Amino acid sequence: MSVVAIGAVLQALVSILPRALVPGAFLPSPDTLLPRRLLGEETTPSGKADLSRIWESDLNSLDTSNATDSLTTRCYGIFGCFSIDQPFLSLARPINAFPLPVDLIMPNFCLYTRDSPELCQLLKVSDPISIRASSIRLEAPVKILTHGYLEHGDKRWLKNMKEEYLLYDDLNVVVVDWLSGSGPPYTQAVANIRLIGAIIGRLVLDLEEYFGVPPSAVHVVGHSLGAQLGGYAGEYLKSRGAKLGRITGLDPAEPYFEGTDPVVRLDPLDATLVDVIHTDAGPIITGGLGLQQPAGHFDFYPNGGIRMPGCGAHFLESVAKEQGNIPYGLRRFIGCNHIRSYEYFTESINSACPFMAIECPSWEAYWKGLCWECGPDWHRCARMGAHADSYMNYSQPDVPLKVMYLITAPDPPFCTFHHRVSVMMSFTAEARKHGGDIGVFYITFYGDHGVSDRIQLNLEEIYFEPGNAYTYMIGTKDLGRLHYAILEWTYVTAYYNPLTWRILSQPLVYVNRVHIDSVEMQERYEFCGLDLPFRSGTHRKLEWQAGCPEPAPPPGASILGTIINFDVEDTITDNINAVNSGLNSLGNGQFINNLASSANQVARELMEGLRRRRVGGGPAPGRRKKGRERRKGGARVKGKRRKEDSGLRWRIVDI
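What counts and what doesn't
- For every chain, the first residue of the written sequence is number 1, and numbering continues from 1 onward in sequence order.
- Local features in this predicted model are restricted to residues of pLDDT 70 or higher, and side-chain atom pairs are both shown and tallied only at a pLDDT of 80 or more, whereas totals for entire chains, interfaces and linings draw on every residue.
- Excluding hydrogens and water, the side-chain figures rest on all heavy atoms present in the structure.
- Helix numbering and strand numbering both begin at the N terminus, where a helix is a DSSP run of H or I of at least 4 residues and a strand a DSSP run of E of at least 2.
- An expected span of 1.5 Å times one less than the residue number is assigned to each helix.
- Bending is quantified residue by residue as the angle between axes fitted to the seven-residue window ending at that residue and the seven-residue window starting at it.
- With a 1.4 Å probe rolled over the protein chains alone, any residue whose accessible area is under 20% of its type maximum counts as buried; one over 50% counts as exposed, and the rest are partly exposed.
- Counting rule for disulfides: a pair of cysteine sulfur atoms within 2.5 Å.
- Whenever a nitrogen or oxygen atom comes within 3.5 Å of another N or O atom, the pair is scored as a polar contact, on the condition that within protein one atom can donate a hydrogen and the other can accept it, and that pairs from neighbouring residues in sequence are kept only if both atoms are in side chains.
- Residues count as neighbours in contact if any of their non-hydrogen atoms are within 4.5 Å of one another.
- Pairing of aromatic side chains requires ring centres within 6.5 Å, counting the rings of Phe and Tyr and the six-membered ring of Trp. Pairs whose planes differ by under 30 degrees are stacked, by over 60 edge-to-face, and all others tilted.
- To get an axis, fit a line to the C-alpha atoms, keeping to the stretch in contact for a helix; angles then go from 0 to 180 degrees between the N-to-C directions.
- Convention used here: angles under 35 degrees read as roughly parallel, angles over 145 as roughly antiparallel, angles from 65 to 115 as roughly perpendicular, and any remaining angle as oblique.
- Basically, the charged four are Asp, Glu, Lys and Arg, the nonpolar ten are Ala, Val, Leu, Ile, Met, Phe, Trp, Tyr, Cys and Pro, and anything else, Gly included, counts as polar.
- One bridge is not enough; two strands pair if DSSP finds at least two bridges between them.

(A) Looking closely at helix 10 (residues 326-350). Helix length check: helix 10 (25 residues) gives 29 Å between terminal C-alpha atoms against 36 Å at 1.5 Å per residue, more than 12% under. At Gly335, helix 10 is deflected by roughly 95 degrees, the largest bend along its length. When you tally the buried positions in helix 10, you get 18 out of 25 residues, the bulk of the element.

(B) Quick peek at the state of the cysteines. Tallied over the full model, the rule gives 7 disulfides. A sulfur-sulfur separation of 2.1 Å characterises the disulfide bridge that pairs Cys110 with Cys120. Measuring handedness by torsion sign, the sulfur bridge of Cys110 and Cys120 sits at about -80 degrees and is left-handed. Remark: Cys120 occurs in strand 5 (residues 116-123) and Cys110 occurs in strand 4 (residues 108-113); sequence separation between them is 10 residues. When sorted by exposure, Cys110 lands in the same class as Cys120, which is buried. Linked covalently through their sulfurs, Cys374 and Cys381 form a disulfide whose S-S length is 1.9 Å. Around the S-S axis, the bridge from Cys374 to Cys381 shows a dihedral of about -85 degrees and counts as left-handed. Overall, Cys381 belongs to the buried group, its relative accessible area being 4%.

(C) Seen up close, the side chain of Ser452. Locating Ser452 in the fold gives a position in the loop between strand 17 (450-451) and strand 18 (455-456). Here the side chain of Ser452 touches Phe445 through a polar contact of 2.8 Å, landing on its backbone nitrogen. Not counting residues within four places of it along the chain, the set of residues in contact with Ser452 comprises Thr444, Phe445, Thr476 and Leu479.

(D) Inspection of the packing of aromatic side chains at higher detail. Throughout the structure, instances matching the rule amount to 18 aromatic pairs. Seen from their ring centres, Trp367 and Tyr472 are 5.4 Å apart, and the 55 degrees between their planes marks the pair as tilted. Residue Trp367 is found in helix 11 (residues 363-367), and its partner Tyr472 is found in strand 20 (residues 469-476); the two are separated by 105 residues along the sequence. One exposure class covers both Trp367 and Tyr472, and it is buried.

(E) Layout of the packing of helix 6 (residues 156-168) against helix 10. The contact between helix 6 and helix 10 brings their axes to 10 Å, and the two run at 10 degrees. Relative to helix 10, the element helix 6 lies roughly parallel. In contact with Arg156, Trp157, Asn160, Met161, Glu164, Tyr165, Leu167 and Tyr168 of helix 6, helix 10 contributes Tyr328, Tyr342, Phe345, Thr346, Ile349 and Asn350. Taken together, the residues of the contact of helix 6 with helix 10 break down into 9 nonpolar, 3 polar and 2 charged.

(F) Up close: the sheet that holds strand 23 (residues 523-535). Taken in spatial order, the 4 strands line up as 20-15-22-23 in an open sheet, and their pairing is antiparallel. The open sheet has two free edges, formed respectively by strand 20 and strand 23, since each of these has just one partner strand. Along the sheet, successive strands turn relative to each other by an average axial angle of 20 degrees, direction set aside. Pairing analysis gives 8 bridges linking strand 15 (residues 417-425) to strand 20, with the strands arranged antiparallel. By the bridge assignment, His418 is partnered in strand 20 with Gly475.

Quick look at the structure:
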């Protein structure tokens, strides 16, 4: 069973456990948070806080009595009435509950500024005195940060995000602690965020009414259920004639929200700008905890939005990444993809790397290099993360909603610079006589700022034919201007497929050149392969050549190449998508759509597991191949490579 599947099972188990059984590391007692809640309270003449007033709020002035208007509607005073009927009752939400009473789940709002970066200044809803007594800067934007299910306001990631924001600018950062409403069962937490969202909306209206801070200056950043909570805050303001400036959804929760009415979940109408980062968007049946469907003006799907690089580590590796903290390590081990969203966002606040994403119809099209140009006015590109609002046309009514993709690194810093790499195969008489071969290309870049990792271009083995070009999108650290590349080709055969066997001759391919488009740097490079052969395991240095042979017009795929490169996964996906489209056109097809998507995702995981065993991830073939190369004499091959490269001259040009 995969890690994500185990995570889904554990998530389901935790949701039905009594609150007392939830580990203290994840849900600390409210008593442990008591000292910081004393901040901002009135004190006695002795200077000590009056304990009788610790949890006291003027609930009578809020009129929070739970008046039941009907069996399906309950009202909560100034926070409004909530129905558990349609659209909140649907196939995706079979169990619905009312939010708990306000006095049981009233969140705490901790304000942090540069004047008070560590101490929580407690703000109270409908209590302007508590706001006036704080160090709030009325002319500065307000960032409201909120956690998700089974969490609290003292989580390390919230502290890190708060510190990055205060380092970036003199802002008002408000951390929402809704610990009392975030516990199991999950269905009750889902109900509670409707009321907590309204309470946040009420605080935003207080800032406007008493202090002149416009809702347009408020930005809500929420993770998982906290992202959906931000949508409810925006919905509350909208019902009062106001509009939130921005909501950032960090992998919004999928269970009870996928495929629901826009009123039920985060949607583009909840704020002037709604940007969403999807990092765990697989179906819940495969362990995915995040929303798969687009939910904002910009929906960013880094690495395709389902599986993040660097996740899938062993438990001990996860604990090591959390400095030996076992509870945090367990969380990373189970939910690595899910938490990547706030790790990416936090890094983006002060990173010089732009987290540049490109609009594209699908991840497959993006990875194959079909979407790589930002356009003359950069309208096809936007920055993922804190600075997504730098795309200034998002509020225009004629700007369509955008689905965008980018590549991240497996470890911090996560941001990468993107390159579209095209390997152009030779079409010489020698290349045509030999024919194509199946394998994998690897590339390493050398630039002004260092060396990239060794990057696998085609993630699955394919049949490389003479004269054709094979294009891929990759990400590297900032290398500056590129000097040259090291290209490597490895032959891969499937023992059960005779079409991939090479018996009477040695497997090799001929490379004419490598063409590189650097997206962020807006530069192009041509590194010449001189139509030389690449035998399996050959590393060759490719540089710019004044007399590089011109590539021939691509002849297209042969019948043999079409058969070998036939992609079963894409065929299954296309057929399922066609069926889903037909069902949705008939109405009420979303539930079946979700089931079909889940089955499709299971099929993807099985096929990708098969490919990992065959390409690079296959331990036995890989080790045997290395052993054979050493027995052939690595020194001789290495010396030959130096001889081939010794006569090459290089310089950098923009094309």
